[in-house]
Structure formats: C-alpha cells, structure tokens
Protein chains: 2
Amino acid sequence: MTELRATPLTPEDFAPFGEVIAWEGAQPITINQGYAQRVNGLARVDVGEGLVNVSLFAGKPRPLAVAVMERHPLGSQAFYPLQDRPWLVVVCGNPRDTGSYRAFTASGRQGVNYAPNVWHHPLLVLDAQSRFIVVDRSGPGANLEEVLPPEPISIVL
Amino acid sequence: MTELRATPLTPEDFAPFGEVIAWEGAQPITINQGYAQRVNGLARVDVGEGLVNVSLFAGKPRPLAVAVMERHPLGSQAFYPLQDRPWLVVVCGNPRDTGSYRAFTASGRQGVNYAPNVWHHPLLVLDAQSRFIVVDRSGPGANLEEVLPPEPISIVL
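Below is a summary of the structure that appears in this document. (Residues numbered from 1 in each chain as written. Chains lettered and ligands numbered in written order. Predicted model: local features only at pLDDT ≥ 70, side-chain atom pairs only at ≥ 80, totals over all residues. Heavy atoms only, no water.)

### Observations regarding unusual backbone geometry
Alright, step 1. Backbone geometry at Gln129 of chain A places phi at a positive 50 degrees, although glycine is not the residue there.
Alright, step 2. Relative to the assigned elements, Gln129 of chain A resides in the loop between β12 (124-125) and β13 (130-138). (Helix = DSSP H or I, 4+ residues; strand = E, 2+ residues; numbered from the N terminus.)

This is the structure in structure tokens:
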C-alpha cells in the first residue's frame, strides 16, 4: 500500500500535466463598459480533428484511493467546479510507476485542463452532488485508455 | 421607452439564438465506475479557424436596460454561471428593430451558448461578483460588432 499525500494545486506544480483554470495569477481586463472583468486564455483546448464537447458532470464521493487511471490521446479535457467546494486531482507520468503519481487539492475556484495523453484519475469529489462543467472532445476514434495502478494507492489529505 | 419583459429561459424559446446549457431535458449517462453522471453535447462550439478560449468573467449589476447589443461573427460564445444565482439573457434578431428583442431569466444552473452572429447583450447579472466560465474564440480577425438600440429599452423582471 502506497500513500499519496495531496498538496495544494498550483499552476507550477500542475504545469507538466496541463493548466490550472483560475483567476489567481491571471491578468484581468475590464470589459462590458466597466461592468465585468475577464481573464482570457486559461486552457489550451485541443480537440484535433474532433468537435468541442461541452458537458456537465455530477459526481459523488468515492473511496480516497486510486481506482484506475485514464487518458485521452485525441484531446484535452477541462473540468471546472460549479460550486465553491474543494475537490481532488490525481495525475501521473506513468500509471505503472507508483512514484510518478501526484495528488492535488483543488479549491472550488480552481479547474484543470488535462493535456492530451495526460494520465489522470476520474473525477474525485468530496461532497455529494458535486457538479462540474467539462470541455473536451467528441468525434470518432478511440479516445480513452485505462490502466490499473500496480499496487493499492491511498490518497491522504 | 420600450419595456421588455423577461420570461424564463427554455431551450425551445432560445433555439433561434443558440443552446441552453443545462441538465434539465438532457439524457445523463453513468460513467466513472458509477461515481458520476454526465450529459454531453450541450453546446455547438464553433471557433472557425480560431482557437477555443476558456476564460473567467466576474460581473457586477448594471441598470436593467439595454445598453448595447453585440455579436461575434467569427465564433460562438458560451456562458455558464459559477454560483447558483439567477441572471439575465437578452438577445435580438436585429438590434435596430425593437420588436425583435427577447429577454430571459436564466437560473443559476442554466448557461447559454450564443451561436456565431447572434446579437446579445453583454453579461447581465443581478448580484455583485457574479462569476462565469466562458468558452469562445480567440484568434485574428474582427470578432466584435456593437450596435445601440434605436430607443431606450428597459428590462422588466
């Protein structure tokens, strides 16, 4: 049994896996006659020859352990929480190498965009009925690979 | 002075302008080993030759009147609220034709995707610090047109 300790999500730590979608650290611009601020370009959405798929997820808590790792070779996948509650992000460089796993605690105002081919755990939430908006790819082709971890990995908050 | 009365946002009423992004009416699928439900394909994101731009907005309330109408000829623009609070959507077929305007009250669990070239009002929120995630287009080209209404139009809730 390996223990994987979660650390706070930061753009720097997450950079090998994609982007953190968040207001912090971005440079807002004022728009809409002064009635709104906007931060642009928060995710590199890459759907190749596919279409952009906007979807909604509703997740429920699952055991704090790595059940399976997955990746999407044909496109990026962005998640942003629709309530201001923390959630978890687990990624790895190689799902068969326990030492390559990272766990992050994301705030309810942080989303992530997994780059194409980045191994990540399916949605990990801490509260019932946790809703997310997801921007990824639809279209033909095999866009899902799944691998089990080589030994049990528990996630420690 | 024209009064424009807002009606509840429905996919049917909004269809000429784009899509309503919402759980209601969609067919969820169960994913992630049973720990999540997902509804797919909620917006036709069209960025032409551009890139998909994921951004965050923070809006503040403005007078309940039509200040200006805008459209984006080169791409769609989707808004989804990040807190469960109602907000307003104002669209029109022709900004110079007062009779073509429509106002909708959206719930905090309804987003919209404006199709390319659809005239719409800039973000209209009812509460301070109303945050949204926006999926639209970035890239070269003139992607913003603005037109003033021909006479004052007040929005009535």
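Having seen the structure, we can now continue with the description.
### Remarks on the interface of chain A and chain B
Alright, step 1. Between chain A and chain B, the residue contacts involve 45 residues of the former and 44 residues of the latter.
Alright, step 2. Counting each side, the surface lost to burial between chain A and chain B is near 3,600 Å², with a carbon and sulfur contribution of 56%.
Alright, step 3. When the buried surface of chain A facing chain B is broken down by residue, Tyr35, Val54 and Leu56 of chain A rank first, second and third, together holding 20% of it.
Alright, step 4. Linking chain A to chain B there are two salt bridges.
Alright, step 5. Its salt-bridge partner being Asp136 of chain A, residue Arg38 of chain B comes within 2.9 Å of it at the nearest N-O pair.
Alright, step 6. Along the contact surface separating chain A from chain B lie 22 residue pairs in polar contact (both at pLDDT 80 or more).
Alright, step 7. Looking at the side of chain A that touches chain B, the elements that each hand over two or more residues are β4 (36-39), β5 (51-59), β7 (77-81) and β13 of chain A. (Contact = heavy atoms within 4.5 Å. Buried area = accessible area lost by both parts, 1.4 Å probe. Salt bridge = Lys/Arg side-chain N within 4 Å of Asp/Glu carboxyl O. Polar contact = N/O pair within 3.5 Å; in protein donor to acceptor, adjacent residues only side chain to side chain.)

### Observations regarding the environment of Pro81 of chain A
Alright, step 1. Note on placement: Pro81 of chain A falls in strand β7.
Alright, step 2. Pro81 of chain A gets classed as buried once you look at its relative accessible area, which sits at 1%.
Alright, step 3. In this structure, the C-alpha to C-alpha distance between Pro81 of chain A and Asp97 of chain A, residues 16 residues apart in sequence, is 29 Å.
Alright, step 4. Here Pro81 of chain A is in contact with Trp87, Ser107, Gly108, Arg109, Gln110, Gly111, Arg131 and Phe132 of chain A together with Leu82 of chain B, once residues within four sequence places are set aside. (Buried < 20%, exposed > 50% of the residue type's maximum accessible area, 1.4 Å probe, protein only.)

### Thoughts on the sheet that holds strand β2 (residues 18-21) of chain A
Alright, step 1. Spatial strand order, β2(A)-β10(A)-β7(A)-β13(A)-β5(A)-β4(B)-β3(B): seven strands in an open sheet with antiparallel pairing. Of all the strands in the sheet, just β2 of chain A together with β3 (29-31) of chain B have a single pairing partner and so form its edges. Taking each pair of neighbouring strands and ignoring which way they run, the sheet shows an average axis angle of 25 degrees.
Alright, step 2. As judged from the three bridges shared by β3 of chain B and strand β4 (residues 36-39) of chain B, these two strands associate in the antiparallel manner. Looking at β4 of chain B, one finds that Ile31 of chain B is bridged to Ala36 of chain B. (Pairing = 2+ DSSP bridges. Axes fitted to C-alpha atoms, helices over the stretch in contact; angles between N-to-C directions.)

### A word on the pairing of strand β1 (residues 2-8) of chain A
All names here are of chain A.
Alright, step 1. Here four bridges tie β1 to strand β15 (residues 153-156), and the two strands are oriented parallel to one another. Note that in β15 the partner of Thr2 across the bridge is Ile153.
Alright, step 2. Relative to strand β9 (residues 101-106), β1 is paired through three bridges, and the arrangement is parallel. Looking at the pairing, Pro8 lines up with Thr105 of β9.

### Things to note about the relation of the copies chain A and chain B
Alright, step 1. With an RMSD of 0.0 Å, the operation that places chain A on chain B is a rotation of 180 degrees combined with a shift of 0.0 Å along the axis. The two molecules are tied by a two-fold rotation axis, judged by turn and shift. Every residue of chain A has its C-alpha some distance from the rotation axis, and the shortest such distance is that of Leu82 of chain A, at 2.5 Å. (Least-squares fit on C-alpha atoms with pLDDT ≥ 70 in both.)

### Comments concerning the side chain of Ser100 of chain A
Residue and element names in this part refer to chain A.
Alright, step 1. Topologically, Ser100 is positioned in the loop between β8 (87-92) and β9.
Alright, step 2. A relative accessible area of 18% means that Ser100 is categorised as buried.
Alright, step 3. A polar side-chain atom of Ser100 sits 2.9 Å from the main-chain carbonyl oxygen of Asn94.
Alright, step 4. Excluding anything up to four places from it in sequence, Ser100 contacts Val91, Cys92, Gly93 and Asn94.

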